Number of protein chains: 2
Amino acid sequence: MEKNTENRTLTELASENLIRLIRERNYVPGDKLPTEAELSEILGVGRNTVREALRILVSRNIVVIRQGSGTFVSKKQGVSDDPFGFSLAADREKLTRDLMQVRVMLEPPIAALAAQNARKEDVKKLEELLEEVEGRIRKRQDYAEADIRFHEQIANCSHNSVMSNLVPVIGKGIAIFAREVGTTEYEQTLISHRAIFRAIQEGKAVEAQQAMQFHLLYNENRYLEERAALGRLG
Amino acid sequence: MEKNTENRTLTELASENLIRLIRERNYVPGDKLPTEAELSEILGVGRNTVREALRILVSRNIVVIRQGSGTFVSKKQGVSDDPFGFSLAADREKLTRDLMQVRVMLEPPIAALAAQNARKEDVKKLEELLEEVEGRIRKRQDYAEADIRFHEQIANCSHNSVMSNLVPVIGKGIAIFAREVGTTEYEQTLISHRAIFRAIQEGKAVEAQQAMQFHLLYNENRYLEERAALGRLG
């Protein structure tokens, strides 16, 4: 047992040193890391420790291991898959409401920032994602994933690195919401997304903020009404 | 190499099944998990796989291993230490500004919710943390950690589970800010914290929101002024 704990500490130390290495060498997503043997030498630890440290970095989405080709810096930039333990939450209904409450606080000011800071190429990508959601809605296909990407791209338009990392996590709220809500809203989503996009494209921060606020409150209200009708709430 | 990848998938699957087990059995923080041998039987995988799966859960703060006594559900409730890869960010100054921007968006509405939803015992704990910060300020001691706990407790007062998990992460913003800013603000922190606390205690949501907004904007402004004076910005 003692040994196990010591190992864990060694591994943790090695994983911190690996992160420092990635930062100091200015590795960017997609870059290849030195081999296990080289890392073992650079960090001054055994290859087993290197392997375990790399596994921790994989679980934190800092690196990916591609069999046969090596270890690479992850494109997810160290954003964990479930950093807030949503998978642990037993009360899915409260989680859905809490996530929606956070989105209503965060996403409207993000949309305002996006309208202020978006570059031409950001807007182009946002338009593509808008059209992807619209295409799926017209065919009455499930659009939850495309919807998440649309909201993520708005966060990217803000050029605030913390937002860009925060929204994909909050984006899980969209997936959980889509599972929890009984009916899918097609027409209002088309109108709201278009309004948000147009305000960002035209650089109108106030309109973008309000369009996002309406979009989220409309959906929150829809969910609460549905619950009330089911007699579970209020 | 192939073997390595297969192992990883087995381990990941086992870690997901472990999370399901924790959720379905309604384990709460502090509860003891079955032994490695028992988990190996329950999950139908080898003990090595159980050990690796547990290590992943440790790195995600879902469980802690105490040598000699076993594996327990972590009190950090699955909230990762650095879920957004802040440790990877090369530009510390931009990170500081981006974090502050997110705090200015999030924390005022959280303070409003706290004023609305705080229970008696929440307010009591908040008062203790307020006094801890005040004590440290009077002795001119470093108060960054106590400050983080004060802001975290405000998030807990909101009774929104997502906020409670989000703010400790954003709380890193306080630590990074404290390292980046040149001078420590004592007097204004005393006044601002007291104003925020009183509004929450009295259940005044609007006052709580505005007091928090002023507190954060005052500090942001202080940082930007300092940078400007250094001639690095604007």
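Visitor: Just to check I follow, could you spell out the overall build of chain A for this structure?
Guide: Helix and strand counts for chain A stand at 9 helices and 2 strands. Ordered by position from N to C terminus, the α and β elements of chain A give α-α-α-β-β-α-α-α-α-α-α. C-alpha atoms of chain A, sized along the principal axes, occupy 60 × 45 × 30 Å. Long-range pairs, those at least 24 residues apart, make up 68% of the contacts in chain A with a sequence separation of at least 6. When the accessible surface of chain A is summed, it comes to about 11400 Å², and 48% of that surface belongs to carbon and sulfur atoms. Within chain A, the 35 negative side-chain charges are centred at a point lying 3 Å from the centre of the 34 positive side-chain charges.

Visitor: Explain the nonpolar core to me, please; I cannot follow it from the model alone.
Guide: Across soluble globular proteins, nonpolar side chains have a tendency to be buried as a group. Within the largest apolar cluster, 82 residues are counted, with the highest numbers of intra-cluster contacts made by I154(A) and I154(B). Core analysis: the second largest hydrophobic core is formed by 20 residues, I22(A), Y27(A), I56(A) and L57(A) among them.

Visitor: Even after reading the chapter, I still don't get the relation of the copies chain B and chain A, so can you show me in this structure?
Guide: Copy one and copy two of the chain differ by a rotation about an axis and a translation along that axis. Overlaying chain B with chain A gives an RMSD of 0.1 Å, the required rotation being 180° about an axis along which the chain moves by 0.1 Å. Here the symmetry operator amounts to a two-fold rotation axis. When C-alpha distances to the rotation axis are compared across chain B, the minimum falls at P83(B), with a value of 2.6 Å. Both copies present the same face, since 100% of the interface residues in chain B are matched by interface residues at the equivalent positions in chain A.

Visitor: I keep staring at the interface of chain B and chain A and nothing clicks. Help me out?
Guide: In many reports, interface size means the accessible area that the parts give up when they come together. With 53 residues of chain B at the interface, the matching set in chain A holds 53 residues. Between chain B and chain A, a total of about 4500 Å² is buried, with carbon and sulfur atoms accounting for 60% of that surface. Here chain B and chain A share 2 salt bridges between them. Of the charged contacts in the structure, one is a salt bridge between E52(B) and R55(A), with a shortest N-O distance of 2.7 Å. Across the chain B-chain A interface, the total number found is 10 residue pairs in polar contact (both at pLDDT 80 or more). When residues of the side of chain B that touches chain A are traced back to their parent elements, those giving at least two are α1 (2-24), α3 (47-59), α4 (92-117) and α7 (161-180) of chain B. No other element matches α4(B), which puts 12 residues into the side of chain B that touches chain A. Classifying every residue of the side of chain B that touches chain A gives 25 nonpolar, 17 polar and 11 charged.

Visitor: Help me out: how do you make sense of the pattern of salt bridges in this one?
Guide: Pairing of side chains with opposite charge becomes possible as their charged atoms draw close. Inspection of the entire model under this criterion finds 24 salt bridges over all chains. In this structure, the salt-bridge partner of K204(A) is E202(A), at a minimum N-O distance of 3.3 Å. Overall, the relative accessible area of 47% leaves E202(A) in the partly exposed class. Between R140(B) and E187(B) there is a salt bridge, with its nearest N and O atoms 3.4 Å apart. One end of the pair, R140(B), is in the loop between α5 (120-138) and α6 (144-157); the other, E187(B), is in helix α8 (residues 187-201), and 47 residues separate them in sequence. Exposure remark for E187(B): the relative accessible area of 45% places this residue in the partly exposed category.

Visitor: Explain unusual backbone geometry to me, please; I cannot follow it from the model alone.
Guide: Glycine aside, a negative phi is what most residues show, and trans is what most peptide bonds show. Unusually for a residue other than glycine, R140(A) sits at a positive phi of about 55°. Note on R140(A): relative accessible area 45%, which makes it partly exposed. Although it is not a glycine, H159(B) sits at a positive phi angle of roughly 55°. Overall, the relative accessible area of 26% leaves H159(B) in the partly exposed class.

Visitor: Just checking my understanding: could you explain the pairing of strand β1 (residues 63-66) of chain B for this structure?
Guide: Each regular strand carries side chains that alternate between the two faces of the sheet. Residues and elements named next belong to chain B. Across 4 bridges, the pairing between β1 and strand β2 (residues 70-73) is antiparallel. Looking across to β2, one finds that I65 is bridged to T71. Between the antiparallel neighbours β1 and β2 lie 3 residues, among them G68 with a positive phi of about 85°.

Visitor: So what exactly am I meant to see when it comes to the packing of aromatic side chains here?
Guide: Two aromatic rings are characterised by how far apart their centres lie and by the angle between their planes. Counted according to the given criterion, the structure contains 4 aromatic pairs over all chains. Judged by centre distance (5.8 Å) and plane angle (45°), the rings of F214(A) and Y218(A) are tilted. Linking F214(A) with Y218(A), this pair stays in helix α9 (residues 205-229), spanning 4 residues, or about one helical turn. Given the relative accessible area of 45%, F214(A) is considered partly exposed. Each ring, one from Y143(B) and one from Y186(B), has its centre 6.2 Å from the other, and the planes form 55°; the classification is tilted. Of this pair, Y143(B) sits in the loop between α5 and α6 while Y186(B) sits in the loop between α7 and α8, and the two are 43 residues apart along the sequence. Per residue, the accessibility class of Y143(B) equals that of Y186(B), and both read buried. Sitting over the ring of Y186(B), R140(B) keeps its end group 4.1 Å from the ring centre.

Visitor: Just to check I follow, could you spell out the packing of α5(B) against α8(B) for this structure?
Guide: When two helices pack together, their arrangement is given by the angle between the helix axes and by the axis-to-axis distance. All names here are of chain B. It is the contact of α5 with α8, at a shortest axis distance of 11 Å, that shows an interaxial angle of 170°. It follows that α5 is roughly antiparallel to α8 by the angle criterion. Counted together, V123, L126, E127, L130, V133, E134 and I137 of α5 and T189, L190, H193, R194, F197, I200 and Q201 of α8 form the full contact between these two elements. Of the residues contributing to the contact of α5 with α8, the split by class is 8 nonpolar, 3 polar and 3 charged.

Conventions we followed
Residues numbered from 1 in each chain as written. Chains lettered and ligands numbered in written order. Predicted model: local features only at pLDDT ≥ 70, side-chain atom pairs only at ≥ 80, totals over all residues. Heavy atoms only, no water. Helix = DSSP H or I, 4+ residues; strand = E, 2+ residues; numbered from the N terminus. Contact = heavy atoms within 4.5 Å. Areas by Shrake-Rupley, 256 points an atom, 1.4 Å probe, with all protein chains shown as cover. Lys, Arg positive; Asp, Glu negative; His and termini not counted. Charge placed at Lys NZ, Arg CZ, Asp CG, Glu CD. Core = buried A, V, L, I, M, F, W, Y, C linked by side-chain atoms within 4.5 Å. Buried < 20%, exposed > 50% of the residue type's maximum accessible area, 1.4 Å probe, protein only. Least-squares fit on C-alpha atoms with pLDDT ≥ 70 in both. Buried area = accessible area lost by both parts, 1.4 Å probe. Salt bridge = Lys/Arg side-chain N within 4 Å of Asp/Glu carboxyl O. Polar contact = N/O pair within 3.5 Å; in protein donor to acceptor, adjacent residues only side chain to side chain. Nonpolar A, V, L, I, M, F, W, Y, C, P; charged D, E, K, R; others polar. Pairing = 2+ DSSP bridges. Phe/Tyr/Trp six-rings, centres within 6.5 Å; stacked < 30°, edge-to-face > 60°. Lys NZ or Arg CZ within 6 Å of the ring centre and 35° of its normal. Axes fitted to C-alpha atoms, helices over the stretch in contact; angles between N-to-C directions. Parallel < 35°, antiparallel > 145°, perpendicular 65-115°, else oblique.

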